[in-house]
Amino acid sequence: MKNLIFLVFRGILFFMPVSNFFAQAIPHCGNSPEWEAELSDPVQQARRQVMEAAIAEAMQRDDAITSRSPIVIPVVVHVVWRDPEENIDDARIWSQIERLNLDFNAENEDIDQVPDEFKPFVGNPGIRFCLAAEDPAGNPTNGIVRVQTTERGIAMKRDNLFYSDRGGSNAWDPTRYLNIWTGDNFTPNGISVTGYAYSPWTETPERSGIVISLDFFGINDSRLGMGRLAVHEVGHYLGLRHIWGDNSPPTCNDDDGISDTPNQFFYNFNCPSYPQHSCDGTSNMFMNYMDYVYDRCMMMFTKEQTQLMNAVLALYRPGLLNTTIPCVQKPERVFADAFTVYPNPARRAIYLNFAEQVAEPGEILLYNINGRVVFREFFILRNGMEVMLHDLIPGMYFLRIGESMRKLIVHP
Ligand code: ZN
Ligand code: CA
């Protein structure tokens, strides 16, 4: 474990297409190099093999996994901040929980964008998440721990982040809570990972959970933007591997151990057009959460990934299944009656401002003066967001969000 950070950086330098690296930096999770470290550690490798065999057996039985009551995993979010702006608000944390809930229940607004070829394989993990309303000592809480630190780049400092006495924040009992840490990922040489997770066979109890760099946590301004890095990392936490397999250098001879994800030579990034081919011409399922594409371009788990995650929960994280920890109730939406549109009159695009800080999925509808819907789309609602007005006939319209309506004039 001592050499892990070194391995992460070395691994990433080694791993990334150089031409792309300096232009784009990241979006890279720290689990590939960790996988390499596992491969060279006989103890971890042996553990992994035993656990994978048990998981495979459980997946064969299947009934043990599918016949269970709805799962709601209690979450604690550790915000470890140095500068005040790193101490993010509750709305951003809620936006992260919301994203996990959408994607882990196949309720995501973009699931219909999965290409027809892969639609039959779309799985629904059926796992929900909530902020824990009770801490390990039984006291009421909002499920958010805020810790000020003097450490810069705390998210990447694994020997600090997980320890309250070294500028981080101690895990809550990992058998009963999913711990999510977020913090700044500044590194002096400008190279860092976006996040990482510990799979059941690599973790030590005090490091059980996932870590998301602040820039990529919840709704955010990065290219990832939608909070799906956490979806990817929870995938690792529940036993999933990268969809292309993690051999380095990449080959077609490795895979992710999942039969309904096609073999893939290497990862995809940015937002590729469909289809992308590799490995004897197979079509890459790059829109899978376990690839490396932008958030807006990923939208599915497969059925077998879903089975595996549920098997891992049942076998290795059973305390999360049989929890009695209550959930914090999500605060009421506050934005519906308080948004403004500008410019108005508008031409090609409008911008929306909300009186309250929001960052959550919502539907925007535009009606013409006859009351007919001419535009209807899901967005992540946030201050200053842009909405393009494509092909609208000049005239008067009504813009609706939630229960609230605004008149909008469109100019030629
Ligand atoms: Zn990953
Ligand atoms: Ca596969």
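Description of the structure in this document. This is a predicted model, so every value here is computed, not measured. (Residues numbered from 1 in each chain as written. Chains lettered and ligands numbered in written order. Predicted model: local features only at pLDDT ≥ 70, side-chain atom pairs only at ≥ 80, totals over all residues.)

**Quick word on unusual backbone geometry**
Stage number 1. In this structure, the amide linkage connecting Tyr 342 to the following residue, Pro 343, adopts the cis form with an omega of -10 degrees.
Stage number 2. For Pro 343, the location among the structural elements is in the loop between β11 (339–342) and β12 (349–354).
Stage number 3. Pro 345 follows Asn 344 through a cis peptide bond whose omega is 10 degrees.
Stage number 4. As for its position among the elements, Pro 345 is in the loop between β11 and β12.
Stage number 5. Phi at Ala 106 is positive, roughly 50 degrees, even though this residue is not glycine.
Stage number 6. With respect to the secondary-structure elements, Ala 106 resides in the loop between α6 (90–103) and β2 (127–131). (Helix = DSSP H or I, 4+ residues; strand = E, 2+ residues; numbered from the N terminus.)

**Observations concerning the packing of helix α4 (residues 42–61) against helix α9 (residues 303–316)**
Stage number 1. Axis separation between α4 and α9 bottoms out at 9 Å; the angle between their running directions is 115 degrees. Taken together, α4 and α9 sit at an angle that is classed as roughly perpendicular. Between α4 and α9 lies a crossing of right-handed hand. In this structure, α4 uses Met 51, Ala 54, Ile 55, Ala 58 and Met 59 to contact α9, whose residues at the interface are Gln 307, Leu 308, Ala 311, Val 312, Ala 314, Leu 315 and Tyr 316. (Axes fitted to C-alpha atoms, helices over the stretch in contact; angles between N-to-C directions. Parallel < 35°, antiparallel > 145°, perpendicular 65-115°, else oblique. Left-handed = near helix turned anticlockwise from the far one by under 90°. Contact = placed C-beta atoms within 7 Å.)

**Let's talk about the pairing of β2**
Stage number 1. By the criterion of burial, β2 is predominantly enclosed, with four of the five residues buried.
Stage number 2. Bridge count for strand β1 (residues 71–81) against β2 is five bridges, and the pairing is parallel. Bridge pairing links Pro 74 to Cys 130 in β2. (Buried ≥ 20, exposed ≤ 12 C-beta atoms within 10 Å, placed from the backbone. Pairing = 2+ DSSP bridges.)

On their own, these measurements won't tell you what the molecule is for.
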